[in-house]
Amino acid sequence: MSVVRVSRRLPAPVRRYAVRAGLAALPVVSLGLLCPVPSLVLALRRGSRADWWVFAGFGAVLAAWVADLALTPDTTHGPLFALDLLLILVSMAGASAHAWTVWPRRAGQ
């Protein structure tokens, strides 16, 4: 049995929550490396200028996280560790919270 057949059997609200939960879990599962993906999906789906700015913001967080990862030594303490922790938290928890709370609703909702 294919995935398409199973997904068509699910009611529409269950499918919406499954997609929403999947997008919200993506930044956490990827440890923040795919943090712009949910905001990109939302920006493509909704198309507003604010959504594109949020996507650019999470893209900047990812770029800062990767640059910080490349430039920070293995044993960090103090402010460098705090910066690492902040970037990881924003890229994981921030992107997940954004994907869960801003999921597009239908026009009547």
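Cut-offs used in this document
Residues numbered from 1 in each chain as written. Predicted model: local features only at pLDDT ≥ 70, side-chain atom pairs only at ≥ 80, totals over all residues. Heavy atoms only, no water. Helix = DSSP H or I, 4+ residues; strand = E, 2+ residues; numbered from the N terminus. Buried < 20%, exposed > 50% of the residue type's maximum accessible area, 1.4 Å probe, protein only. Contact = heavy atoms within 4.5 Å. Areas by Shrake-Rupley, 256 points an atom, 1.4 Å probe, with all protein chains shown as cover. Patch = residues over 30% accessible without salt bridge, like charges linked within 9 Å, V, L, I, M, F, W, Y side chains within 5 Å. Salt bridge = Lys/Arg side-chain N within 4 Å of Asp/Glu carboxyl O. Expected span 1.5 Å × (residues − 1). Bend = angle between axes of the 7 residues up to and from the residue. Phe/Tyr/Trp six-rings, centres within 6.5 Å; stacked < 30°, edge-to-face > 60°.

Student: Let's hear about the overall build of the protein: which residues, and what values?
Tutor: Check the secondary structure of the protein and you find five helices and zero strands. Secondary structure elements in the protein, listed N-terminal to C-terminal, are α-α-α-α-α. Split into buried and exposed, the 109 residues of the protein put 28% on the buried side. Look at the contacts in the protein between residues 6 or more apart in sequence, and 62% of them connect residues 24 or more apart. Counting only carbon and sulfur atoms, one obtains 71% of the accessible surface of the protein, whose full area is about 7300 Å².

Student: Describe a nonpolar patch on the surface, listing the residues and the values that go with them.
Tutor: Side chains of Leu 33, Leu 34 and Val 66 sit close together on the surface and give an oily, nonpolar patch of about 230 Å² of accessible area. Among the secondary structure elements, Leu 33 is positioned in the loop between helix 2 (12-29) and helix 3 (36-46). Overall, Leu 33 belongs to the partly exposed group, its relative accessible area being 43%.

Student: Which residues make up unusual backbone geometry, and what are the values?
Tutor: The backbone of Leu 31 shows a phi angle near 55°, a positive value even though the residue is not glycine. For Leu 31, the position within the fold is in the loop between helix 2 and helix 3. For Leu 31, a relative accessible area of 55% corresponds to the exposed category.

Student: Could you give me a rundown of helix 5 (residues 79-101), with the residues and numbers involved?
Tutor: Its 23 residues give helix 5 an end-to-end C-alpha distance of 31 Å, which sits within 8% of 33 Å, the value for a rise of 1.5 Å per residue. Along helix 5, the helix axis deviates most sharply at Val 90, where the bend reaches about 30°. Along helix 5, the residues classified as buried are Asp 84, Leu 87, Ser 91, Met 92, Ala 95, Ser 96, His 98 and Ala 99.

Student: How would you sum up the pattern of salt bridges? Please name residues and give values.
Tutor: Pairing is possible between side chains of opposite charge, provided their charged atoms come close. Throughout the structure, instances matching the rule amount to one salt bridge. A salt bridge links Arg 46 to Asp 51; the shortest N-O distance between them is 2.9 Å. Residue Arg 46 is classed as partly exposed on the basis of its relative accessible area of 41%. Given a relative accessible area of 4%, Asp 51 falls into the buried group.

Student: Residue-level account of the packing of aromatic side chains, with values.
Tutor: Using the criterion set out here, one finds two aromatic pairs in the structure. With a centroid separation of 6.3 Å and 40° between ring planes, the pair formed by Tyr 17 and Trp 100 is classed as tilted. Here Tyr 17 is found in helix 2, whereas its partner Trp 100 is found in helix 5, with 83 residues between them in sequence. Judged by its relative accessible area of 48%, Tyr 17 falls in the partly exposed class. Each ring, one from Trp 52 and one from Phe 55, has its centre 6.0 Å from the other, and the planes form 85°; the classification is edge-to-face. Here the residue Trp 52 and the residue Phe 55 both occupy positions in helix 4 (residues 49-71), the gap between them amounting to three residues, near one helical turn.

Distances and angles like these do not, on their own, reveal function.
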